[in-house]
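# Descriptive structure summary
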Amino acid sequence: MAATPTDRAEAVTERVLGWEPGHGLTVMAEMSGGPAGSGGGAGGAGGVLPAADSWLVADGRVRALARHRERFLRACAETVELPHGQLAAFWQDMTAALPREGAWFPRVELAPPGRTPLLRLRLRAAPPLTSEVRVWAEGQPDPRAFPRRKGPDLDTLAGVRRRAAAHGADEALLTSASGLVLEAAYSSVMWWEEETLCVPSPTLPVLAGVTAAVIRERARRARIPFVACERTVADLEGREVWLVNALHGIRPVTAWTGRPMRAGAATRAPEWREWLAGITEPLPVDWP
């Protein structure tokens, strides 16, 4: 059955499409109900995903899709032998299948070992977007097996976020064995120290966040001081802290739960959020 992602969009909130060489995308499953969760656990993938990537599509516009493509293709290359031409053809067909109307949170997937088709598109209605975030500040020891690759630990991170919700929070901070801040379950962490924008050191086991990279580039162009460093959760008290990802963009931390910590005023976030919202581009027709 040929893939037509915008058909019956009012009723279908998630559609799984498999891709095969010479056949393109075909519908494997359809589900109705609420929109995708803002994090994105494996969600019915039928096993651990070796690689995955996701982003927001709003009325046919997207941010930094080429960076998501690069990250996903690199992750696939690390885990399975697939001709680059097949990966490129999948990405071309996947992009063409994305709806040009409405808000969507699609995810590309490399299927679990032994499953076919190997490459999939999970087309999901986007959840409500939020402009701020409450964070569980207990500092969860990093449970990921593959912290530098998105996919294998999605279900594990979904469990972390459920525990955060039980403590009145939207997200949870992951920490190293020595208590250093790494990232949140589904977001990169950035913060301000005076006029300097800070991120965790790249020597720590952190995922290369696409949105964080876009923000760092703007800081560099604007000659805003930027530093990668090591900080504990307690070191973030009173500072302007952002959680950033491809779905919500920049969300300042407005409250910490689980320990007595004061959230810093979000003085810079509104201008940066406006800038980030303004750099989306139309979905491309063709890829080089």
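Residues numbered from 1 in each chain as written. Predicted model: local features only at pLDDT ≥ 70, side-chain atom pairs only at ≥ 80, totals over all residues. Heavy atoms only, no water.

## Quick notes on the confidence of the model for the protein
When pLDDT is averaged along the protein, the result is 92; 91% of the residues meet or exceed 70. Contacts for the low-pLDDT stretch residues 1-10, under 50 throughout, to residues beyond four places or in other chains number 17 contacts. (pLDDT = per-residue confidence, 0-100. Contact = heavy atoms within 4.5 Å.)

## Some points on the side chain of Thr95
The residue Thr95 is located in helix 2 (residues 84-97) in this model. The exposure class assigned to Thr95 is buried, which follows from its relative accessible area of 0%. Within the structure, Thr95 has its side chain in polar contact with the side chain of Trp287 (distance 2.9 Å). When residues no more than four places from it in sequence are discounted, the contact partners of Thr95 are Arg100, Leu283, Pro284 and Trp287. (Helix = DSSP H or I, 4+ residues; strand = E, 2+ residues; numbered from the N terminus. Buried < 20%, exposed > 50% of the residue type's maximum accessible area, 1.4 Å probe, protein only. Polar contact = N/O pair within 3.5 Å; in protein donor to acceptor, adjacent residues only side chain to side chain.)

## Regarding the packing of helix 1 (residues 65-79) against helix 4 (residues 210-221)
Two measures define how a pair of helices packs: the angle their axes make with one another and the distance between the axes. Between helix 1 and helix 4, the shortest axis-to-axis distance is 10 Å and the interhelical angle comes to 130 degrees. By the angle class used here, helix 1 and helix 4 are oblique. Once helix 1 is placed against helix 4, the crossing between them reads as right-handed. On the side of helix 1, the interface is formed by Arg67, His68 and Arg71, while helix 4 contributes Val210, Ala213, Val214 and Glu217. Looking at the contact of helix 1 with helix 4 residue by residue, the classes come out as 3 nonpolar, 1 polar and 3 charged. (Axes fitted to C-alpha atoms, helices over the stretch in contact; angles between N-to-C directions. Parallel < 35°, antiparallel > 145°, perpendicular 65-115°, else oblique. Left-handed = near helix turned anticlockwise from the far one by under 90°. Nonpolar A, V, L, I, M, F, W, Y, C, P; charged D, E, K, R; others polar.)

## Comments concerning the sheet that holds strand 7 (residues 107-110)
Pairing is antiparallel in the open sheet, where 5 strands are placed in the order 2-1-8-7-3. Of all the strands in the sheet, the pair left with one neighbour each is strand 2 (24-31) and strand 3 (51-54). Across the sheet, the mean angle from the axis of one strand to that of its neighbour is 20 degrees, orientation sign disregarded. Relative to strand 2, strand 1 (residues 14-20) runs antiparallel, the two being bridged by 7 bridges. Bridge pairing links Trp19 to Leu25 in strand 2. Sitting on the sheet, helix 1 is in contact with strand 3, strand 7 and strand 8 (119-124), with an inclination near 170 degrees to strand 3. (Pairing = 2+ DSSP bridges.)

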